[in-house]
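Residues per chain are reported as follows:
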Amino acid sequence: MNTYFHDYLVVFVLVLLGAGIVAGGLGGNRLLRPHRPTREKLTTYECGVDPVGEGWAQSYVRYYVFAYLYVVFAVDAVFLFPWATVFALKGYGPTTLGEMFVFLGFLAAGLAYAAKKKVLSWV
Amino acid sequence: MKCTTEGIAGFGCDPWWLIGGKALVIFVFLVLTVLLSMWVERRVIGRMQLRIGPNRCGPFGLLQGLADGVKLALKEDIVPAGVDKVVFWLAPVVSAVPAFISFIIIPFGPTVSIFGHQTQLQGTDLPVAVLLVLAMSSMGIYGIVLAGWSSMSPYSLLGGLRSSAQMISYEIAMSLSFVAVFMFAGSMSTSQIVAGQQHIWYGVLLLPSFLIYIITMMGESNRIPFDLPEGEGELVGGFHTEYSSLKFAMFFLAEYINLATLSALATTLFLGGWHAPPPITTIWAGANSGWWPVLWFLIKIWAFIFFFIWLRGSLPRVRYDQLMKLGWKVLMPISLGWILLVATIRTASREGLNQTQLLIYGGITIAVVLVGSFAWDLVATSGRQVDPYAEPERATAAEPAQGGFPVPPLDLPHYHGVLPETAARKEVSSGTH
């Protein structure tokens, strides 16, 4: 277990390096760039006209149901990945395959139901 | 501390200078690739559009990327008055930092000797290496969503929401396309996946998975034909409308690093990684040893980057509903079916069925499915008669039913080159207006 995390050493080094470069770049940028704000410059960009009201326009978020579906299929992927690496090993036979058929069958039924309910189309 | 030099566990045993050196080399490689691919993209697109492209900075304009970077970094950073300052600053950092990390598990070549130390040409390898790439690309989405959210601008917000919907949809199809590769490699570690492709590339063996990956990687990279989060014609700059100076450059950097990472991942998983292309190995046995594999790897990566650029030069942007339809109704069901098919064939061949038996059973299954679908079709359509001359249903502007928001109808007549009669053309008289 001790050596297992050694593999992650380079990952951490690169995270530090990336964060350092980004932070250093932003810091250097702060020192070098000009800073002359005017009131017009600081308005929200609206293609030339003055912005009306708050910055956030009220809009209908389409496809929010996709977020739920995403969770379902992300969990599905979590099950599929380890299954894919072991299912061909000794001791895992057609039963393992059958179980995955059942599992994916449920998910596919869910997706088909969502499609039937017209969740997947533009409203 | 025990260190083995065999298999995946060998990576933590490098001396500290080698670990630091690898991280530094990967970082420099990524920055150079970004600078170069910006130049290549602009020159190639220029050529495709019958213009010259940038040719002033340095020989052939090679330093154009560097000049642009310096220019961006020295520009004034405008932070609009209404933004959420902390999140506005955090978003480009969250977008750029994870982009660097994915490349660490990409194998550049086999074991070589560096200053007398045997090591693999790869940052590191993990038992879950490919999952790391997926996790990092998800982190990048946070940057985009937060940028759209904190900008307090309708364009940015819409761009951020669009990109989150698009990227999570395509990420699922992408991860499903990896599953078939994991089945054949029996591992999620990139070095073992590359080792598994010594004789035949998974791109050939698992062609449907490869094609799905290519489509989804277009969706993941936010580029044409799927560049809706920043569709210039409709959302100005999308999620980065309000960004300027180095913060904008961070998003730009992240996008181009992702381009390189997706290309490298495609090379590693489907095109044999650093293995030499087939005709070379038959003539020259030494092609897969020493430092040569780095050359094959680079050739494959750049072929992919060129492919990205080529698509950008030749395809139009798809409509948003078409994009989501493709992802959820085509790519995902096909991926799921393909995974089950591959798994069934693998299990059947392992259980000792030979090819003739396999073909017979496969034929029976296909016949059953076909007969079933015909029967379903007969039952389902017998009840209703379809009048081919009936007027197709038009989406009426029933606003209240659509949540009370003004929604443009999907199927406007002018999409089909038909002008509605009500919009008779009025001639504009000349004169002073």
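In this report, we go over the structure that sits alongside the text. In this text, all values refer to a predicted model and were calculated from it rather than measured experimentally. (Residues numbered from 1 in each chain as written. Chains lettered and ligands numbered in written order. Predicted model: local features only at pLDDT ≥ 70, side-chain atom pairs only at ≥ 80, totals over all residues. Heavy atoms only, no water.)

A count of helices and strands for chain B gives 14 helices and two strands. A total of 433 residues make up chain B; the buried ones form 48% of that total. For chain B, the accessible area works out to roughly 21600 Å², and carbon and sulfur atoms hold 68% of it. (Helix = DSSP H or I, 4+ residues; strand = E, 2+ residues; numbered from the N terminus. Buried < 20%, exposed > 50% of the residue type's maximum accessible area, 1.4 Å probe, protein only. Areas by Shrake-Rupley, 256 points an atom, 1.4 Å probe, with all protein chains shown as cover.)

Here we take up the nonpolar core. Grouped together as the largest cluster of nonpolar side chains are 119 residues, with contacts concentrated most on Trp83 of chain A together with Phe103, Phe178, Met183, Tyr213, Met217 and Trp328 of chain B. Among the elements that take part in this core, helix α10 (residues 245-270) of chain B stands out by supplying 14 residues, more than any other. If sequence neighbours within four positions are ignored, tyrosine 213 of chain B has contacts with Met174, Ser177, Phe178, Leu262, Leu265, Ala266 and Phe270 of chain B. With 10 residues, the next largest nonpolar core counts Ala91, Ile141, Ala147 and Phe251 of chain B among its residues. (Core = buried A, V, L, I, M, F, W, Y, C linked by side-chain atoms within 4.5 Å. Contact = heavy atoms within 4.5 Å.)

Facing the 83 residues of chain B at the interface are 69 residues of chain A. When residues of chain B are sorted by the area they lose upon contact with chain A, Glu76, Trp328 and Leu340 of chain B head the list and together hold 9% of the total. There are one salt bridge connecting chain B and chain A. Arginine 33 of chain A is paired through a salt bridge with aspartate 77 of chain B; the nearest N and O atoms lie 3.0 Å apart. Run the count over chain B and chain A and you get five residue pairs in polar contact (both at pLDDT 80 or more). (Buried area = accessible area lost by both parts, 1.4 Å probe. Salt bridge = Lys/Arg side-chain N within 4 Å of Asp/Glu carboxyl O. Polar contact = N/O pair within 3.5 Å; in protein donor to acceptor, adjacent residues only side chain to side chain.)

Bringing the packing of aromatic side chains into the picture now. For the coordinates displayed, the defined rule picks out 24 aromatic pairs over all chains. When the ring of tyrosine 213 of chain B is compared with that of phenylalanine 270 of chain B, the centres are 5.6 Å apart and the planes differ by 40°; the resulting orientation is tilted. Residue tyrosine 213 of chain B is located in helix α8 (residues 207-220), and its partner phenylalanine 270 of chain B is located in helix α10; the two are separated by 57 residues in the primary sequence. Residue classification places phenylalanine 270 of chain B among the buried positions, given a relative accessible area of 0%. Within the aromatic cluster, the residues linked to one another by ring pairs are Phe81 of chain A together with Phe178, Phe182, Phe210, Tyr213, Phe270, Phe304 and Phe307 of chain B. (Phe/Tyr/Trp six-rings, centres within 6.5 Å; stacked < 30°, edge-to-face > 60°.)

This part is about helix α5 (residues 154-185) of chain B. For α5 of chain B, spanning 32 residues, the distance from its first C-alpha to its last is 46 Å, which sits close to the expected 46 Å at 1.5 Å a residue. Just past α5 of chain B, the residue glycine 186 of chain B takes up positive phi, approximately 70°. (Expected span 1.5 Å × (residues − 1).)

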